[in-house]
Amino acid sequence: GAWQRNIETFDSPFATGLHGDAYRVQHPTAGTIASNLIRNATNHMDLPGDWWNDRVERGAIRLSDAIGQDANDPATTFEQQPFRVGPYGPHEDHAGSLLLLLLAPIGIALALVRVLRGRLRTSDAAWQLGVLGIVLAQVLLFAALITWQNWHARLHLPMLVLLVPPLIALLDTRRWRWLLVFAVAVSVATAPVALFGNVNRPLVGDDSILTHSRTHVLFNPRPQLEEPYRAALQRMTDTGVREAGIVSSVDEWQYPLIWLGLRAD
């Protein structure tokens, strides 16, 4: 659906022109890909406390400098946004997965070693390396095409989800099962923070998704939009207009307006 709308608007599945160019690296090189890989990795490395985040940020900047790249290069950074690590929090824009970031290289190394040593059946090796190869291709394409943003962790979710099955299969052996158990234990221990303390959609508290309407949940991150959206729809109702276009700029929310319109209709 998103690609079809891009084709209708930009004649391409990848947005170009207007604000589309802000999202895309126009001239990817080995250096820009490496820089984006470094900065995207930091989206999963933020933790509570500035002590850690500041050091990760400085380390990423030094590493980018070492390969001849500017961590704040406007050509590879969305809307000239300054590079930074954080803020940490159970928020869909910034919630990364440090655990998977650490486990991924281990899983890839295990798969390659077992294949080279002939310790995997052909079918096992095929699907494990196949999935890992798909994830690796996604990561490289992401770094090559999309300018870095501080809220990229949410866009990494498909890659992270796809990474889990082969990692479980690779670690579920006598030698590495302790690491799998540790990963599961950490996940179970930290999950309640995201479930109950989610910034925009918590399960408990005054803004719990269990005690509020879907409309309230939709507008909770930006409640200031609800009144003008309702006013626009009321204007359509008063004038009898049945169709209207939406002119928006970058990072403006359309879905809550569409939702309200469907409810009113």
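Everything below is about the structure shown above.
Residues numbered from 1 in each chain as written. Predicted model: local features only at pLDDT ≥ 70, side-chain atom pairs only at ≥ 80, totals over all residues. Heavy atoms only, no water.

Chemist: I'm lost on the packing of aromatic side chains in this one. Help?
Modeler: For any pair of aromatic rings, geometry is given as the distance between the ring centres together with the angle between the planes. Counting across every chain of the model gives four aromatic pairs. On the numbers, 4.8 Å between centres and 40° between planes, the contact of Y23 with F78 is tilted. With Y23 in helix 2 (residues 20–23) and F78 in the loop between helix 4 (50–66) and helix 5 (98–116), the pair connects residues that are 55 residues apart, well separated along the chain. Y23 sits in the partly exposed class, given a relative accessible area of 33%. Aromatic pair F78 and W151: ring centres 5.7 Å apart, planes at 80°, arrangement edge-to-face. Here F78, found in the loop between helix 4 and helix 5, pairs with W151, found in the loop between helix 6 (122–145) and helix 7 (157–171); they are 73 residues apart in sequence, far enough to count as distant. Looking at W151, the relative accessible area reads 19%, which means it is buried. Taken together, the aromatic side chains of Y23, F78 and W151 make up a single cluster linked through ring pairs. Its guanidinium or amino end placed over the ring of W259, R214 lies 4.2 Å from that ring's centre, counting from NZ or CZ. (Phe/Tyr/Trp six-rings, centres within 6.5 Å; stacked < 30°, edge-to-face > 60°. Helix = DSSP H or I, 4+ residues; strand = E, 2+ residues; numbered from the N terminus. Buried < 20%, exposed > 50% of the residue type's maximum accessible area, 1.4 Å probe, protein only. Lys NZ or Arg CZ within 6 Å of the ring centre and 35° of its normal.)

Chemist: Can you walk me through empty space enclosed by the protein in this structure?
Modeler: Rolled over the atoms, a probe with the dimensions of a water molecule shows which regions are left empty. Taken as a whole and assessed by the stated rule, the structure comprises one cavity of 30 Å³ or more. Considered as a void within the structure, the largest cavity measures approximately 60 Å³ in volume. Considering the residues around the largest cavity, the lining is formed by T42, N43, D46, R84, V85, G86, P87, H94, W148 and N150. Of the residues that constitute the lining of the largest cavity, the class distribution is three nonpolar, five polar and two charged. (1 Å grid on protein atoms, 1.4 Å probe; cavity = no way out; pocket = protein on both sides within 12 Å on 5 of 7 lines; lining within 4 Å. Points joined across faces, edges and corners; volume = space filled by probe spheres on them. Nonpolar A, V, L, I, M, F, W, Y, C, P; charged D, E, K, R; others polar.)

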